[in-house]
Amino acid sequence: MQGIIVAPSILAADFSRLSDEVHRVEAAGADWIHCDIMDGHFVDNISFGPEIVGIVRRVTDLPLDVHLMIEHADHYVPRFLKAGANSITVHVEPEAKHDVAKTLRQIQDAGCRAGLTLNPETSFDRIEPLLRKADLLLIMTVHPGFGGQAFQADQMHKVRRARALNPGLNIEVDGGINPKTARISIENGANVLVAGTSIFQSKDYAQAIRDLRGE
């Protein structure tokens, strides 16, 4: 586990100048680039696919953290691996329609970090048996699908439980992350902050990233 990692979510970026946006957050001190993939089935929104991830790969050397909010993740994993993902996170809910343990192995066998995630209403018990097989855990602090939602502090019990079970695990939080909620998340054991609106709608990306880290 590293120190505090900031992973700007390009879902909140200006896609008319995506390359510039990626360069700006990289220069501002971002550690990873977070890519939210939505299929309109598992979540009620559609974002982008492997082609966009591939474009981002060509304009930055930062690790690409790909969150698959989709059905049949196992079918699409090879496309995101080819696009240049450094980590791929998949959902554990039955609605995601895949064998989660097999998908984790599929990702790891390709030399990529494999992550698990669960929606706010999903019990931690569903993820606990798989936790030792994962390289990272993403705790959703909003219901996935749309940016700009309010942070759900009641999800911090999942962060604390995961940290107690696996002290060395990278634990991400995603949803409503700003300087205040980042501090709450870090205090509860998170070390990876996914932030979209609070970075890309700020006037100073570098200051926004420093504020998230509490610097």
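The residue numbering used here restarts from 1 in each chain and proceeds along that chain's sequence as written. A pLDDT threshold of at least 70 governs which residues receive local features in this predicted model, and a stricter bar of 80 or more applies before side-chain atom pairs are shown or counted, although totals over entire chains, interfaces and linings include all residues. Just so you know, side-chain values use all the structure's heavy atoms and leave hydrogens and water out.

A. Here's a closer look at the layout of surface pockets. A volume near 180 Å³ is recorded for the second largest pocket. Around the second largest pocket, the lining is made up of 14 residues, and of these Ile37, Met38, Asp39, Ile70 and Tyr76 lie nearest the centre. The secondary structure listing takes helices from DSSP runs of H or I that are at least 4 residues long and strands from runs of E that are at least 2 residues long, numbered from the N terminus. Breaking the lining of the second largest pocket down by element, the ones donating at least two residues are β2 (33-38) and α3 (73-83). Partitioning the lining of the second largest pocket into residue classes produces eight nonpolar, three polar and three charged. Buried and open spaces are told apart on a 1 Å grid over the protein atoms alone, a cavity being a set of points where a 1.4 Å probe fits but cannot get out and a pocket being an open set with protein on both sides within 12 Å along at least five of seven lines. Residues with an atom within 4 Å of a point are the lining residues. Grid points are joined across faces, edges and corners, and a volume is the space filled by probe spheres set on the points. Each residue is assigned to one of three groups, with Ala, Val, Leu, Ile, Met, Phe, Trp, Tyr, Cys and Pro labelled nonpolar, Asp, Glu, Lys and Arg labelled charged, and all others, Gly among them, labelled polar.

B. Representation of the side chain of Ser185 within the structure. Take Ser185: it is sitting in helix α6 (residues 179-188). Residue class for Ser185 comes out buried when judged on its relative accessible area of 0%. Whether two residues are in contact is decided by their heavy atoms, any of which lying within 4.5 Å being enough. The contacts of Ser185, once residues within four sequence positions are left out, are Phe151, Met156, Val159, Val173, Ile177, Ala190 and Leu193. Here's how the labels work: a residue is buried when its accessible area is under 20% of the maximum for its type, exposed when over 50%, partly exposed in between, all with a 1.4 Å probe on protein chains only.

C. View of the sheet that holds β2. Taken in spatial order, the eight strands of this open sheet run β1-β8-β7-β6-β5-β4-β3-β2, and their pairing is parallel. Single-partner strands in this sheet number two, and they are β1 (5-8) and β2. Pairs of neighbouring strands in the sheet enclose a mean axial angle of 25°, with direction left out of account. Here, strands pair whenever DSSP counts at least two bridges between them. Relative to strand β8 (residues 192-195), strand β7 (residues 170-174) runs parallel, the two sharing three bridges. Residue pairing in the sheet places Asp174 in a bridge with Val194 of β8. Geometry is summarised by axes, namely lines fitted to C-alpha atoms with helices restricted to the contacting stretch, and by angles between N-to-C directions that run from 0 to 180 degrees.

What is shown is where atoms sit, not what they do.
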